Amino acid sequence: MIGKVYTQAEIKSKGARSDERSYRFSIFDAVNGYARVLGPFEGYNDFFLLRGGNADYLLFLEYTCGMACAQRAVFHRFKGGAAPVVIALKDILDLSRLESIQRRLLSVCVDSDGNFNTERVARDAAQQLLSACPYVLSFPKKGPGAVLFKVINSDGSDMRLSVGKTRVSPRALLRWNGEKLIASAPGEENEIFLNGAQMGIFF
């Protein structure tokens, strides 16, 4: 499944060196449906397998990290022997119980292809002057429990997920029902300071 969505074209778009061996799995956990790929780029790429009744879904979660991390999340649906189909964020994330979050997220956290993306430059031109995406996604490395976090940076910058500078506050719990991620309020909203250990747990 990873080979069908993480193509040579995807690799080339990162400006990779010709030495393909520089791409490697640092984690491959088939039992829990999780893998991480490292390569000649800043950041890392995570893959999460989401099982469904009629189809399975593979989430490709890209972290572009330099001084801080930005996120792009692409959901691929696999059904039978057909080629994978990309599912837009609005069609796989149900935030109907949290309408104010839904409106904001779908206006400033979606790229021109309909994927979750925290990078302004990836949006349609009409949305690029809007505010920065205030959210990030955290998917578990084992078992259920995905979370939509709000990002709080002490200096007010747009830089995301900076170790030692960023706090994240849970805004929605995301439960996979086999077809969609269903959001609900998290209850207590304790902020989490992203030191090195916490960054590794949540991202």
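Residues numbered from 1 in each chain as written. Predicted model: local features only at pLDDT ≥ 70, side-chain atom pairs only at ≥ 80, totals over all residues. Heavy atoms only, no water.

J.: So what exactly am I meant to see when it comes to the state of the cysteines here?
T.: A covalent bond bridging the sulfur atoms of two cysteines is what the word disulfide describes. Under the defined criterion, the tally for this structure stands at two disulfides. Between the sulfur of C65 and that of C69 lies a disulfide, 1.9 Å long from S to S. Here C65 and C69 share a disulfide; its torsion about the S-S bond, 110°, makes the bridge right-handed. For the residue pair C65 and C69, the accessibility class agrees, reading buried in each case. (Disulfide = S-S within 2.5 Å. Buried < 20%, exposed > 50% of the residue type's maximum accessible area, 1.4 Å probe, protein only.)

J.: Looking at this structure, how should I read helix α4 (residues 99-108)?
T.: Because an α-helix packs 3.6 residues into every turn, residues spaced three or four apart end up facing the same way. All of the buried residues in α4 are I101, L105 and V108. The buried residues of α4 occupy one face: seen down the axis, they fall within an arc of 90°. The secondary structure elements touched by the buried residues of α4 are α3 (89-92), β7 (93-94), β8 (116-117), β9 (135-138), β10 (146-153) and β11 (166-176). (Helix = DSSP H or I, 4+ residues; strand = E, 2+ residues; numbered from the N terminus. Arc of directions from axis to C-beta. Contact = heavy atoms within 4.5 Å.)

J.: Just to check I follow, could you spell out the side chain of N45 for this structure?
T.: For N45, the location among the structural elements is in strand β3 (residues 43-50). In this structure the side chain of N45 is engaged in a polar contact, spanning 2.9 Å, whose partner is the side chain of Y6. (Polar contact = N/O pair within 3.5 Å; in protein donor to acceptor, adjacent residues only side chain to side chain.)

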